[in-house]
Amino acid sequence: MKSGDKSKRLKEFEEKVNLIFRETDCVEVLKKALRGDPRAIIKEIIDSGLRGRGGAGFPTGIKWKGAAEAAGGNKCVICNADEGEPGTFKDRRILDEQPDKVIAGMGICARAIGATEGYIYLRGEYTFLFSKLSAKCEAWNAIFKEKGLNFRTSVRSGSGAYVCGEETALFESMEGNRGEPRNKPPFPVTIGYSNLPTVINNVETLAYTTMIISDGPESFKSIGTKDSMGGKVFSVSGDASVKGVFELPLGMTLQEFVDLFGDSDTKAVQVGGSSGTCVPRKNFADTIIGFEGVPTGGSMMLFNSSRSMYHVLKNYLEFFEEESCGQCTPCRVGCQQLLKGIEAIRSGERPLSYLERLRDLARVMSIASKCGLGQSLANPFNSITQHFREEICY
Ligand SMILES: Cc1cc2nc3c(=O)[nH]c(=O)nc-3n(C[C@H](O)[C@H](O)[C@H](O)COP(=O)(O)O)c2cc1C
Ligand code: SF4
């Protein structure tokens, strides 16, 4: 496709959604939410089909319902703005350009579940956003008070560990402890931050809740597919003709995506960052971007023929080895062994067939690791070594 046709087509796709970056009177949306019954808010979010945009895709309305039904007077809403997944940079743009939409979403959630305190857990490196967001929180605290909502929110800074984006490690970090994931259950909706029933949602998820209350669930449902409703904000990087942040409908095929951002030399797309799945060109047409195909927290990395998939995989494994919190053995030892294993194949110390044993190890990690970090390593490991096996040994 010629570049002019590509940008026209991209605009058409963006116009199908246009929710996150559209100007919206968020105070009016909050007022609308406050007028109705809290249960009606939860019903609208459930009816919209919204699923979490932080990666795991848990239905947002069901999460809110769980927290609303949990026992306890004091409850909490946390906006997960840790954004540590390699290749993801959409939350920083949403927070920079549309902080009102996110904080209004926190207020709407507070009303729905009966929370009194809220926090934005901001990635440590996003220092440029800290004071801006703190000022926004103060302004919104005054709005909440004026509108009769007993809810206050503030910003807390992360300290740069990827695992602190995992919800329970995030609570530990906020409580001043080492950022190590907890056992689940109990789930955060019953025992979360400071033992309070807690809803934790991604930045983009909360911004979408504001737009669902604004436009109604039907409008949100009309975008995407039956399993993946609504839009998604993507971070596009790598060997892409246009890079950046784009809001597109869920349910596109990877081929449609590559037609917009890649070219005939795009050999693979890593969907969902270092913990996601690598899809080779031969599967682009049959792969749907969404919960029924390849889910993504937003990171889309394109690779062309100049890239060695061995080096791509090695880079991910080094990242995981560095970021594993070390609490459980399958992940702590497994990350090291997978890295050593592909290096041994590359140097000729081990035959290529050794990959089968490493793939078994990755599968064991996906079952036996305590949190999503160790559980998801099999996604990149097994997809890259399956589709680019020959690139591992030369
Ligand atoms: C290692 C690891 C890192 C994570 N990092 C983030 C993150 O930076 N942002 C985020 O929203 N969710 C992250 N998650 C997912 C959270 O645990 C949680 O599922 C999410 O914040 C829930 O919000 P959602 O339902 O709106 O997606 C991470 C999970 C794991 C296992
Ligand atoms: S899977 Fe990894 S990051 Fe998660 S608790 Fe175990 S060692 Fe820590």
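Residues numbered from 1 in each chain as written. Chains lettered and ligands numbered in written order. Predicted model: local features only at pLDDT ≥ 70, side-chain atom pairs only at ≥ 80, totals over all residues.

**Q** Explain the overall build of the chain to me, using residue names and the numbers behind them.
**A** The helix and strand inventory of the chain stands at 17 helices and 9 strands. Taking 21 Å as the expected radius of gyration for a compact globule of 394 residues, we find that the chain reaches 21 Å, a close match to that expectation. Structurally, the chain occupies a C-alpha span of about 70 × 50 × 35 Å along its principal axes. By the burial criterion, 52% of the 394 residues in the chain qualify as buried. At a minimum sequence separation of 6, the contacts of the chain that also span at least 24 residues come to 72%. (Helix = DSSP H or I, 4+ residues; strand = E, 2+ residues; numbered from the N terminus. Rg over C-alpha atoms; globule rule 2.2 N^0.38 Å. Buried ≥ 20, exposed ≤ 12 C-beta atoms within 10 Å, placed from the backbone. Contact = placed C-beta atoms within 7 Å.)

**Q** For the pairing of strand E6 (residues 244-249), give the residues involved together with the corresponding values.
**A** As paired strands, strand E5 (residues 231-238) and E6 are joined by 6 bridges and run antiparallel to one another. Along E6, the bridge assignment pairs Val-233 with Glu-247. Following E5, the chain reverses through 5 residues before pairing antiparallel with E6. (Pairing = 2+ DSSP bridges.)

**Q** Requested: an account of the site of ligand 1, with residues and values cited.
**A** As a structural note, the neighbourhood of ligand 1 is formed by 23 residues, with Gly-52, Gly-54, Gly-165, Asn-202 and Gly-372 the closest of them. For the shell around ligand 1, the secondary-structure elements that each account for two or more residues are strand E4 (198-202) and helix H15 (372-376). When residues of the shell around ligand 1 are assigned to their parent elements, the largest contribution, 3 residues, is made by E4. For the shell around ligand 1, the residue count by class is 7 nonpolar, 10 polar and 6 charged. (Near = placed C-beta within 6 Å. Nonpolar A, V, L, I, M, F, W, Y, C, P; charged D, E, K, R; others polar.)

**Q** Quick one: what's the story with the site of ligand 2, residue by residue and with numbers?
**A** What surrounds ligand 2 is a group of 14 residues, the closest being Cys-325, Cys-328, Cys-331, Cys-371 and Gly-374. Put simply, the parts of the chain that give the shell around ligand 2 at least two residues each are helix H13 (329-347) and H15. Partitioning the shell around ligand 2 into residue classes produces 7 nonpolar, 5 polar and 2 charged.

**Q** Account for helix H3 (residues 38-48), naming residues and giving values.
**A** Along H3, the residues classified as buried are Ile-41, Ile-42, Glu-44, Ile-45 and Ser-48. Along the axis of H3, the buried residues cluster in a sector spanning 160°; they form a single face. Along its buried surface, H3 packs onto helix H2 (26-35), helix H4 (60-69), helix H6 (99-113), helix H9 (203-215) and helix H10 (217-221). Just beyond H3, the residue with positive phi is Gly-49, at close to 80°. (Arc of directions from axis to C-beta.)

**Q** Account for the environment of Thr-266, naming residues and giving values.
**A** Within the secondary structure, Thr-266 is located in strand E7 (residues 266-271). The buried category is assigned to Thr-266, around which 23 C-beta atoms lie within 10 Å. With residues up to four places along the chain from it excluded, the contact list for Thr-266 reads Asp-239, Val-258, Arg-281, Leu-302 and Asn-304.

**Q** So what's going on with the domain arrangement of the chain? Which residues, and what values?
**A** With domains assigned, the chain is organised as domain 1 (18-221), domain 2 (231-304) and domain 3 (309-392). Here the side of domain 2 that touches domain 3 gets 3 residues from one element, more than from any other, and that element is strand E8 (residues 277-280). Tallied by class, residues from the side of domain 2 that touches domain 3 come to 4 nonpolar, 4 polar and no charged. (Domains from an automatic or database assignment.)

**Q** So what's going on with the sheet that holds strand E2 (residues 117-122)? Which residues, and what values?
**A** Across the sheet, 4 strands lie side by side as E3-E2-E1-E4; this open sheet has parallel pairing. Of all the strands in the sheet, just strand E3 (152-157) and E4 have a single pairing partner and so form its edges. Adjacent strand axes in the sheet meet at a mean angle of 20°, parallel and antiparallel pairs treated alike. Strand direction decides the pairing type here: strand E1 (residues 76-81) and E2, joined by 6 bridges, are parallel. (Axes fitted to C-alpha atoms, helices over the stretch in contact; angles between N-to-C directions.)

**Q** Describe the packing of H3 against H4, naming the residues involved and giving the relevant values.
**A** Here H3 crosses H4 at 155°, and the two axes come no closer than 7 Å. For the element pair H3 / H4, the angle class is roughly antiparallel. In terms of crossing hand, the pair formed by H3 and H4 is left-handed. Across the interface between the two elements, Pro-38, Ile-42, Ile-45 and Ile-46 from H3 touch Thr-60, Gly-61, Ile-62, Trp-64, Lys-65 and Ala-68 from H4. Its residues placed into classes, the contact of H3 with H4 shows 7 nonpolar, 2 polar and 1 charged. (Parallel < 35°, antiparallel > 145°, perpendicular 65-115°, else oblique. Left-handed = near helix turned anticlockwise from the far one by under 90°.)

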